[in-house]
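Structure at a glance
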Amino acid sequence: MMRSMYSAVSGLKTHQTRMDVIGNNIANVNTVAFKSSSVTFSDILYQTTSNASGANATTGTGGVNAKQIGLGTTAAATKVSITSAGASETTGNPFDIRLTDKNSTNFFIVNNGSENVFTRSGSFYVDGSGNLCMSSTGYTVMGWQVDETTGEIRKDTVSALRIMQEKNLTSAPEATTQATIAGVLDENDADVKSDAGKVMNLNFYDNLGYQYTAKFAIKATGTDGEYTVELTSILDSNNKNITEGFTQAQMKEIFGDTDTKTTIASYSTTLQNCGYTYDTQTGKLKNTATNQDVTINKDGTLSDNNTKTIKDVFGVSDGNLKNIQDSAAAKNTDYEFKDVPNADGTHSFQIIKTSATSSLKFDTKDGKFKSIGNGTEKSVELNLNNAKLNKNGNFQNINVDFSQCLNYNNSGKSTIGADAGAVDGTTGKGRKLGAMTGISIDTSGRIYGTYDNGNTELLGQIAVAQFSNASGLEKVGESCYRTTLNSGEFDGIGVEISADGSSMTTGELEMSNVDLSSEFTSMITTQRGFQANSRVITTSDTLLEELVNLKR
């Protein structure tokens, strides 16, 4: 009689355990990445009142089964439905990550300050120290760092992903190494025919991220399909000409392979009250006071008064005068002062400059690019890495590609221009120092930083853990798990999630995999089981009561 009561008591306890598990499942129906549990029952043991016997051939009797009475039930196991993924919830937060499993169940690796634990909850944020952390607990997310030498991920022992540390907030500048000249050059363009030529600006960067502008001038030669290209100056970010005072020979070291004479200024009158007159009939410059003929020295001073210069007499610009004086000081012959007869019989005073140029040629049949320089090359070098210009070593040479130029009629308007970078628009373009503008995470867990200079840099990679028996992990609360002897050990390195075709999706979270319909059904059967066991106890009590009443 007592056995039935104790069996029913064990049934009550076991069904209460099952109800506790159901209640926990329903309580976590909206917990991110929660995995539901279920209870499996088993009978405890049996009291054997009679052992089994075999058949007796002598007596002709058959065998008899053992007589056993069960003594109740127990909760044999609590199974976690860990391999069943929950539905996805879209959040739009770039640091919310959902794990999508292919062949294995994957877990994020997080550190609680003393050990690595594992979670499916991908709700992360960046803390004040720049670490990627769980938003609920602050546990740091673990992964692999970038190898400083190769720039690739080094798959070593996982460590905290400090993605917004100081060195990641900026992207290093890059010097420009390639440039492209493209567009239409119209021979009827008035600028092309002028003394100054058609001006092109090439903006480029040095190793430190400072921007400079190389100014080129394209001029007609009088021969169809042939033009000269000259580097006239290089300006820094403060609009200062860093090639000011460079001689023709020094400019030729930077750009150009041919010496070309061009008229940079022409005068037919002198400035008022300058003390000198220019006779356009004879081409003579005279001192008004002495009526003597005066010549121009190589440094731009007058032969009768070295305190006065061609700036004082003709109004030559300060820049041209300085270039003339620097050329004379270097004992070069970059500039000439000539009396030139005009077609109408008059004379003019001209300053002739010998410039370093490259010859730009087009095919006169179809107007397509033919060559730049004296050979058949499609590009020339802008040699910034020379002793005079690159004293600090901050410049790189730039390969300037002219192959995209065309020589067409465009109603007298040229569209030709210079852009940093190769023809593809990105290679060798150069960049300024970049400030971080955003962070993104791809499907393999690689974390990239984007910068306002156009750079995208790899900052690290989120590693995942896989176990031979994920159901054997121990729940430690806060949506985390710990390894056990039955789950398999974590090797400290982890795996790349894409190795088996699994992936990470940003802007989404994994929801709880609790199925309310199943839980409610289990709740009903559990209630009925508990109710039935309680009836066994009350019935056994009634029987005991009848037994006691036999004495009356």
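Just so it is clear, the structure is predicted and the values come from calculations on it, not from any experiment.

What the chain contains, in helices and strands, is six helices and 37 strands. Over its C-alpha trace the chain gives a radius of gyration of 45 Å, far above what one expects of a compact globule, namely 24 Å for 552 residues. Its C-alpha atoms put the chain at 165 × 50 × 40 Å along the principal axes. Each of the 552 residues in the chain was classed as buried or not, and the buried ones make up 41%. Contacts in the chain between residues far apart in sequence, at least 24 positions, make up 62% of those at least 6 positions apart. Treating the 47 positive side-chain charges of the chain as one cloud and the 61 negative ones as another, the clouds have centres 4 Å apart.

This part takes up the pairing of strand β26 (residues 369–372). In this structure, strand β25 (residues 347–362) lies alongside β26, joined through three bridges in antiparallel fashion. Paired with K361 across the strands is S371, a residue of β26. Following β25, the chain reverses through six residues before pairing antiparallel with β26; G367 in that reversal takes a positive phi of roughly 75°.

We now examine the packing of aromatic side chains. Evaluation of the coordinates by the stated rule reveals 15 aromatic pairs. Ring plane angle 70° and centroid distance 5.8 Å describe the contact between F107 and Y481, whose orientation is recorded as edge-to-face. Remark: Y481 occurs in strand β35 (residues 480–482) and F107 occurs in strand β7 (residues 106–111); sequence separation between them is 374 residues. On the accessibility criterion, F107 (0% relative accessible area) is buried. Classification of Y481 by relative accessible area gives buried; the value is 5%. Consider the rings of F337 and F349, whose centres lie 6.4 Å apart with planes at 5°: the pair is stacked. Here F337 is found in strand β24 (residues 335–341), whereas its partner F349 is found in strand β25, with 12 residues between them in sequence. Given the relative accessible area of 8%, F349 is considered buried. Among the aromatic side chains, those forming a connected cluster through ring pairs are F107, F118, F467, Y481 and F490.

Here we come to the UniProt feature "domain: Flagellar basal-body/hook protein C-terminal" (unreviewed entry) in the chain. Mapped onto this structure's residue numbering, the UniProt feature "domain: Flagellar basal-body/hook protein C-terminal" (unreviewed entry) falls at residues 507–550. Taken end to end, residues 507–550 is 75% helix and 7% strand, and its first and last C-alpha atoms sit 75 Å apart.

Taken as a whole, this structure holds 16 salt bridges when the rule is applied. K35 serves as the salt-bridge partner of E510, at 2.4 Å between the closest nitrogen and oxygen. A residue pair is termed long-range when its members are at least 10 positions apart, and E510 in strand β37 (residues 508–510) and K35 in the loop between α1 (2–27) and β1 (37–43) qualify at 475 residues. K35 carries the same exposure label as E510, and that label is buried. Sharing partners across several salt bridges, the network here consists of K35, D101, R120 and E510.

Let us now look at α1. Spanning 26 residues, α1 covers 37 Å between terminal C-alpha atoms, matching the ideal 38 Å at 1.5 Å per step. Looking only at α1, the buried set comprises M5, S7, A8, S10, G11, L12, T14, H15, V21, I22 and N25. Contact partners of the buried residues in α1: β1, β3 (67–70), β4 (73–80) and α6 (516–548).

For the rest of this paragraph, the subject is the nonpolar core. Ranked by size, the top nonpolar core spans 35 residues in total, and within it F216, L231, L360, L382, L384 and F402 carry the most contacts. Among residues more than four places away in sequence, those in contact with F402 are I181, V229, L360, F369, I372, K378, S379 and V380. Judged by nonpolar contacts, the second largest core, of 25 residues, contains V141, L459, I462 and V464.

Calculation criteria
- Residues numbered from 1 in each chain as written.
- Predicted model: local features only at pLDDT ≥ 70, side-chain atom pairs only at ≥ 80, totals over all residues.
- Heavy atoms only, no water.
- Helix = DSSP H or I, 4+ residues; strand = E, 2+ residues; numbered from the N terminus.
- Rg over C-alpha atoms; globule rule 2.2 N^0.38 Å.
- Buried < 20%, exposed > 50% of the residue type's maximum accessible area, 1.4 Å probe, protein only.
- Contact = heavy atoms within 4.5 Å.
- Lys, Arg positive; Asp, Glu negative; His and termini not counted.
- Charge placed at Lys NZ, Arg CZ, Asp CG, Glu CD.
- Pairing = 2+ DSSP bridges.
- Phe/Tyr/Trp six-rings, centres within 6.5 Å; stacked < 30°, edge-to-face > 60°.
- UniProt positions renumbered as here; feature names shortened; annotations may be inferred.
- Salt bridge = Lys/Arg side-chain N within 4 Å of Asp/Glu carboxyl O.
- Expected span 1.5 Å × (residues − 1).
- Core = buried A, V, L, I, M, F, W, Y, C linked by side-chain atoms within 4.5 Å.

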